[in-house]
Amino acid sequence: MSSAQVSAQWIERDKKVVSPAIYRYTDIAFERGEGVYLYDFEGNRYYDFVAGIATMSVGHNHPRVVAAITEQAGKLLHAAAHVGYMGPYVEMLEKLLSLMPVPLDQGKGILLNSGGEAVETAIKLARAVSGRSMILAFMDSFHGRPMGALSLTASSSGYRRHLTPLLNGVEHVPYPTCYRCPFGHKNHSRDNCCGHWRNFIQMTLDKLLHPDDLAAIIVEPILGEGGYVVPPDDFLPSLREICDQTGALLIADEVQTGLGRTGKWFGVQHWNVTPDIMALGKAIGGGLPLGATLARAELMDAWWPAAHGSTFGGNPLACRAGLESIAIIEEEDLVANAARVGDHLQARFKAAQKDLPIIGDVRGKGLMVGVELVNRAGEPLATSQVKQIVKELGAAGVVMTKCGQSALRIAPALSITEEAADEAVQIILKVLADFETG
Ligand SMILES: Cc1ncc(COP(=O)(O)O)c(C=O)c1O
């Protein structure tokens, strides 16, 4: 059987047994990965510009991560944190806490299996220890798909279709997505924001949701799935202030922004804001499923024994992979690399805007780069068109996904070099130019 038939066969078999609810951005069957590249069964190489959805920070198949997993697999795969104590679980939390901003660095945590589970743990903790019920979340945010996390997610009504009513007690207010201002202002940017998001929160607290009932505000420091949108500089500090005034807890969902992707260890550090609770996922498992919810020690200490848990949460294999991955990020200074290559990528796309009017906006921080695609009138391209472009990019050798309605989501491994990034950009610009010329 030729390798081409192998790919085709996997795709055919997949379609027979895998639910169509799982959407595929490309028509590629991956056989293996190495560094910033993925390979299909024909041996074709692809620049992985989305790294397993902002996850594979040190690249695919890193020999040190593979060795750490292999070594741990020879000792202990699973015993469950509820049954006894496990070194990798403790080490993982010690490491994550050591990276946290003060005073969260003195906090405590729980390990889970995914970002969505970490988010649900965060809101359970907030409700349980505050004795309050209400959660304030943001339009355009993505916090996961399990029913609790989905109650907070508001990046597309498609995710909620036929599933409502969801969790009671969640109100949504607009996120300051200035390029597409939710209040209808044209030509606004994060440096020139109307600030109406603040009035909207105030109005919500005055008329709808009494501050005494507000358990928590949950926020992505930079919108992920919602379009890689960086908020105005006063946004997160204002949320901190509102929480301090109302006694609500600030939950930062750093599942996507966390662990160096934005050019700092955590997104909130761009604004010197410390949340009370932080949800982590994706990159922390070094490619294996791992989530974490960290909080100030007094909050965790107020949560009673057996209030929460998970059979597999913090399993030794995922912890070891994550710890090795973090060690590589530190030793190779990949957080600084993310900042440097991210700036370079943004500069490349901004420079291309002059000749490619399809590029409406270039934004992000570090290696979270969003490239918003627009039509001749400057309106967002239809989602179906962006999905088509993403498919064509895959076929041309660059794997990525979209975010928001019409943005390309660029989130390669933090270890990517400028040279590799440039090679991928060349391909992307060619595909965009071909699309423009029809
Ligand atoms: C900010 C954010 N929170 C939560 C999640 C959910 O994570 P998971 O898919 O691991 O449940 C995601 C996933 O994309 C995310 O980007």
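Keep in mind the model is a prediction, meaning the values are calculated, not measured.

Q: What am I meant to see in the overall build of the protein here?
A: For the protein, the count of helices and strands is 13 helices and 15 strands. Relative to the compact-globule value of 22 Å for 438 residues, the protein shows a C-alpha radius of gyration of 21 Å, a close match. With the C-alpha coordinates of the protein rotated into their principal frame, the extents come out at 60 × 60 × 45 Å. Scored against the burial criterion, the 438 residues of the protein give a buried share of 53%. Taking contacts inside the protein between residues at least 6 apart in sequence as the whole, the part at least 24 apart equals 71%. For the protein, the accessible area works out to roughly 18,800 Å², and carbon and sulfur atoms hold 52% of it. Both charge centroids of the protein, one from 39 positive and one from 48 negative side chains, sit 4 Å from each other.

Q: What exactly am I supposed to notice about the site of the ligand here?
A: Lining the immediate surroundings of the ligand are Ser114, Gly115, Gly116, Phe142, His143, Gly144, Glu220, Asp253, Val255, Gln256 and Lys282. Between the ligand and Gly115 there is a distance of 2.9 Å, counted from an oxygen atom to a backbone nitrogen or oxygen. Contact between the ligand and Asp253: a nitrogen atom at 2.7 Å from a side-chain N or O atom of the residue. Partitioning the shell around the ligand into residue classes produces two nonpolar, six polar and three charged.

Q: I would appreciate a short explanation of unusual backbone geometry in the present structure.
A: Among all residues except glycine, the phi angle is most often negative; among peptide bonds, the trans geometry is most common. Of note, the amide linkage connecting Val102 to Pro103 takes the cis form, showing an omega dihedral of 0 degrees. By the element assignment, Pro103 lies in the loop between helix H4 (87–99) and strand E4 (108–112). In this structure, Pro165 follows Thr164 across a cis peptide bond, with omega equal to 5 degrees. Secondary-structure assignment places Pro165 in the loop between helix H6 (147–150) and strand E6 (170–173). Backbone geometry places Ala80, a non-glycine residue, at a positive phi of 85 degrees. Positionally, Ala80 belongs in the loop between helix H3 (63–73) and H4. Phi angles above zero are rare outside glycine, and Ala306 is one such case at about 75 degrees. Mapped onto the fold, Ala306 is located in the loop between helix H9 (297–301) and helix H10 (316–331).

Q: I tried to follow helix H11 (residues 334–352) on my own but got confused; where do I start?
A: For H11, which comprises 19 residues, the first-to-last C-alpha distance of 26 Å matches the rise-based estimate of 27 Å (1.5 Å per residue) to within 8%. Next to the buried residues of H11 lie H10, strand E11 (359–365), strand E12 (368–373), strand E15 (407–410) and helix H13 (418–436).

Q: I would appreciate a short explanation of the nonpolar core in the present structure.
A: The nonpolar side chains of soluble globular proteins are, as a tendency, buried together. Membership of the largest hydrophobic core comes to 96 residues, with the highest contact counts inside it found for Phe349, Ile359, Leu408 and Ile428. Residues from two domains meet in this core; each of domain 1 (3–58 + 333–436) and domain 2 (67–331) gives at least three. What Phe349 contacts, discounting residues up to four positions off in sequence, is Ile359, Val362, Val371, Ile410, Val425, Ile428 and Leu429. The next biggest cluster of nonpolar side chains, apart from the first, holds 31 residues, and it includes Met134, Val173, Ile217 and Cys243.

Q: Quick question: what am I supposed to make of the packing of aromatic side chains here?
A: The description of two aromatic rings rests on the distance between their centres and on the angle between their planes. Scanning all chains against the criterion turns up nine aromatic pairs. On the basis of an interplanar angle of 90 degrees and a centroid distance of 5.9 Å, the ring pair of Phe138 and Tyr175 is categorised as edge-to-face. Of this pair, Phe138 sits in strand E5 (residues 134–138) while Tyr175 sits in the loop between E6 and helix H7 (196–207), and the two are 37 residues apart along the sequence. Just as Phe138 is buried, Tyr175 falls in that class too. Between Tyr175 and Phe235 the ring centres are 4.9 Å apart and the planes differ by 65 degrees, which places this aromatic pair in the edge-to-face class.

Q: Would you explain the side chain of His344 in this entry?
A: Structurally, His344 is set in helix H11. Separated by 2.7 Å, the side chains of His344 and Asp422 make a polar contact. If we skip the residues at most four places from it in the chain, His344 touches Glu418 and Asp422.

Q: It is not clear to me how a nonpolar patch on the surface should be interpreted in this structure. Could you clarify?
A: Among the surface-exposed residues, Val17, Val18 and Ile22 lie close enough to one another that they form a single nonpolar patch of about 270 Å² accessible area. Structurally, the position occupied by Ile22 is in the loop between helix H1 (3–17) and strand E1 (30–34).

Q: Looking at this structure, how should I read the sheet that holds strand E8 (residues 249–253)?
A: Sheet strands pair by backbone hydrogen bonding; their relative direction is either parallel or antiparallel. As summarised here, the arrangement of the seven strands in space is E4-E10-E9-E8-E7-E5-E6, forming an open sheet in which the pairing is mixed. A strand with exactly one partner marks an edge of an open sheet, and here the two such strands are E4 and E6. Strand after strand, the sheet turns through a mean of 20 degrees between neighbouring axes, direction not considered. Direction of pairing for E5 relative to E6: parallel, over a ladder of four bridges. Considered in E6, the bridge of Phe138 is made with Val173. Packing of helix H8 (residues 235–246) onto the sheet brings it into contact with E5, strand E7 (214–219) and E8, and relative to E7 it is tilted by some 170 degrees.

Q: It is not clear to me how the packing of H7 against H8 should be interpreted in this structure. Could you clarify?
A: In helix packing, the relevant descriptors are the interaxial angle and the interaxial distance, both defined with respect to the helix axes. At their nearest, the axes of H7 and H8 sit 11 Å apart, and the two run at 20 degrees to each other. In terms of axis orientation, H7 runs roughly parallel to H8. Between H7 and H8 lies a crossing of right-handed hand. Each of Trp197, Arg198, Ile201 and Leu205 in H7 lies in contact with H8, whose residues at this interface are Phe235, Ser238, Leu239, Ile242 and Thr246. Split by residue class, the contact of H7 with H8 holds six nonpolar, two polar and one charged.

Conventions and cut-offs
Residues numbered from 1 in each chain as written. Predicted model: local features only at pLDDT ≥ 70, side-chain atom pairs only at ≥ 80, totals over all residues. Heavy atoms only, no water. Helix = DSSP H or I, 4+ residues; strand = E, 2+ residues; numbered from the N terminus. Rg over C-alpha atoms; globule rule 2.2 N^0.38 Å. Buried < 20%, exposed > 50% of the residue type's maximum accessible area, 1.4 Å probe, protein only. Contact = heavy atoms within 4.5 Å. Areas by Shrake-Rupley, 256 points an atom, 1.4 Å probe, with all protein chains shown as cover. Lys, Arg positive; Asp, Glu negative; His and termini not counted. Charge placed at Lys NZ, Arg CZ, Asp CG, Glu CD. Near = heavy atom within 4 Å. Polar contact = N/O pair within 3.5 Å; in protein donor to acceptor, adjacent residues only side chain to side chain. Nonpolar A, V, L, I, M, F, W, Y, C, P; charged D, E, K, R; others polar. Expected span 1.5 Å × (residues − 1). Core = buried A, V, L, I, M, F, W, Y, C linked by side-chain atoms within 4.5 Å. Domains from an automatic or database assignment. Phe/Tyr/Trp six-rings, centres within 6.5 Å; stacked < 30°, edge-to-face > 60°. Patch = residues over 30% accessible without salt bridge, like charges linked within 9 Å, V, L, I, M, F, W, Y side chains within 5 Å. Salt bridge = Lys/Arg side-chain N within 4 Å of Asp/Glu carboxyl O. Pairing = 2+ DSSP bridges. Axes fitted to C-alpha atoms, helices over the stretch in contact; angles between N-to-C directions. Parallel < 35°, antiparallel > 145°, perpendicular 65-115°, else oblique. Left-handed = near helix turned anticlockwise from the far one by under 90°.

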